[in-house]
Amino acid sequence: MPLVTTKKMFEDAYKGGYAVGAFNVNNMEIIQGIVAAASKLNAPLILQVSAGARKYANHTYLTKLVEAAVEETGLPIALHLDHGADFEICKSCIDGGFTSVMIDGSHFPYEENIELTRKVVEYAHAHGVVVEGELGQLAGIEDDVNVSAEEASYTQPEQVHDFVTRTGVDSLAIAIGTSHGAYKFKPGQKPQLRFDILDEVGRLLPNFPIVLHGASSVVPEFVEQINKYGGEMPDAIGIPEEMLREAATKAVCKINIDSDLRLAMTAAVRKHFVENPSHFDPRQYLAPARDAIEGMVAHKIETVLGCAGKA
Ligand code: G3H
Ligand code: 13P
Ligand code: ZN
């Protein structure tokens, strides 16, 4: 089976009350860990590549690794551009074999966001590729752009129908209180998501797939392990798993996870070096890192996303 788009995945997810995991990939071990979990649990999968990942690992290397994952497993896998900043990067990914792109015009004025998104949709659809847009701004850090909590703004549900119909996007990322990175809430602050906004969006746009960015749980076991083995992340905090599960039963069909991959990998590598200070063969520390990713992704698929057995 070749790479797929997210079209059928999202139709099934919406009907079935679950979400598909969209995991950021930067190297072979990350891809292998994620794919091993999805393959064992027969789960559909979105592997996503940021501009930073393309710069770090190279477009062709990443594309070929993902194609290898499809060949090895036969799983339905979509290859997605995460946070495309302009038309050119979207075009480059569409021309270079991606099946899905995100155009993130969320920081532009509304009409500019519509114009840019529609231009990407026209090109993508003419090439059989689907498009994710974004309305509303999340707090946190993407590539080198840091959006403070004060600058972040929730999605306005009344804009969503207009945006979707005028752009023709296939899915939409909205801001309901999630944020990028490992520090999603201030120390002592109670994690909260605006489910009222999500419900209103679902009412105004029935059967339309919604995307949650910044949706890592910042798994406490990994943070504890990092801190135990010499790291310093005392205030790291993410979105509680039960909130993500609830979102997945509603209109949310795609849940983006990157920070949890980073934490799983870093926790395993830190532990490995403390316990094995003389090791210097990269396979010795990258293998446990890959295993940690596999375990974390399996847990997400089974208990948070609910997409086990849905491939
Ligand atoms: O939302 C951003 C993702 O976590 C990707 O991060 O731009 O550092 O690759 P990156
Ligand atoms: P996290 O930082 O919460 O993993 O979010 C990742 C993301 O939204 C990628 O686009
Ligand atoms: Zn994101």
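Here, the structure is the one placed above.
All figures in this text were calculated on a predicted structure; none of them were measured in a lab. (Residues numbered from 1 in each chain as written. Chains lettered and ligands numbered in written order. Predicted model: local features only at pLDDT ≥ 70, side-chain atom pairs only at ≥ 80, totals over all residues. Heavy atoms only, no water.)

## Observations regarding the coordination of the zinc ion (ligand 3)
Donor atoms from the polypeptide that bind the zinc ion (ligand 3) are His 83 (NE2), His 180 (NE2) and His 213 (ND1), placed at 2.1 Å. Going along the chain, you hit the donors of the zinc ion (ligand 3) in the pattern H-x96-H-x32-H. Separated by 130 residues along the polypeptide, His 83 in strand β3 (residues 77–84) and His 213 in the loop between β9 (210–212) and α9 (220–228) bring together distant segments of the chain. Across this residue pair, the class does not change: His 83 and His 213 are buried. (Donors = N, O, S within 2.8 Å, 3.2 Å for Na, K, Ca; no water. Helix = DSSP H or I, 4+ residues; strand = E, 2+ residues; numbered from the N terminus. Buried < 20%, exposed > 50% of the residue type's maximum accessible area, 1.4 Å probe, protein only.)

## What to know about the packing of aromatic side chains
The full count for this structure, using the stated rule, is three aromatic pairs. Ring centres of Phe 87 and Tyr 123 lie 5.7 Å apart, and the angle between their planes is 80°; this geometry places the pair in the edge-to-face category. Taken as a pair, Phe 87 in helix α5 (residues 87–95) and Tyr 123 in helix α6 (residues 110–126) lie far apart in primary sequence, 36 residues in all. There is no split in this pair, since Phe 87 and Tyr 123 are both buried. Against the face of Phe 87 rests Lys 119, its NZ or CZ located 4.4 Å from the ring centre. (Phe/Tyr/Trp six-rings, centres within 6.5 Å; stacked < 30°, edge-to-face > 60°. Lys NZ or Arg CZ within 6 Å of the ring centre and 35° of its normal.)

## Some thoughts on the pairing of β3
For β3, the buried fraction is high: eight of the eight residues fall into the buried class. Note: strand β2 (residues 45–49) against β3, five bridges, orientation parallel. Looking at the pairing, Leu 45 lines up with Ile 77 of β3. Relative to strand β4 (residues 100–103), β3 runs parallel, the two being bridged by three bridges. Bridging from a neighbouring strand, His 80 pairs with Ser 100 of β4. (Pairing = 2+ DSSP bridges.)

## Some words on the side chain of Ser 171
Structurally, the position occupied by Ser 171 is in strand β8 (residues 171–174). Residues in contact with Ser 171, not counting those within four places in the same chain, are Phe 10, Val 131, Glu 132, Gly 133, Phe 208, Pro 209 and Val 211. (Contact = heavy atoms within 4.5 Å.)

## A closer look at the sheet that holds β2
Pairing in this closed barrel of eight strands is parallel, and the strands run β1-β2-β3-β4-β5-β8-β9-β10 around the ring. With direction set aside, neighbouring strand axes in the sheet form an average angle of 25°. Where β8 meets β9, two bridges bridge the pair, whose relative direction is parallel. The residue of β9 that forms the bridge with Ala 173 is Val 211. Strands β1 (20–24), β2, β3, β8 and β10 (252–257) of the sheet are contacted by helix α1 (residues 7–16), whose axis makes an angle of about 110° with β10. (Axes fitted to C-alpha atoms, helices over the stretch in contact; angles between N-to-C directions.)

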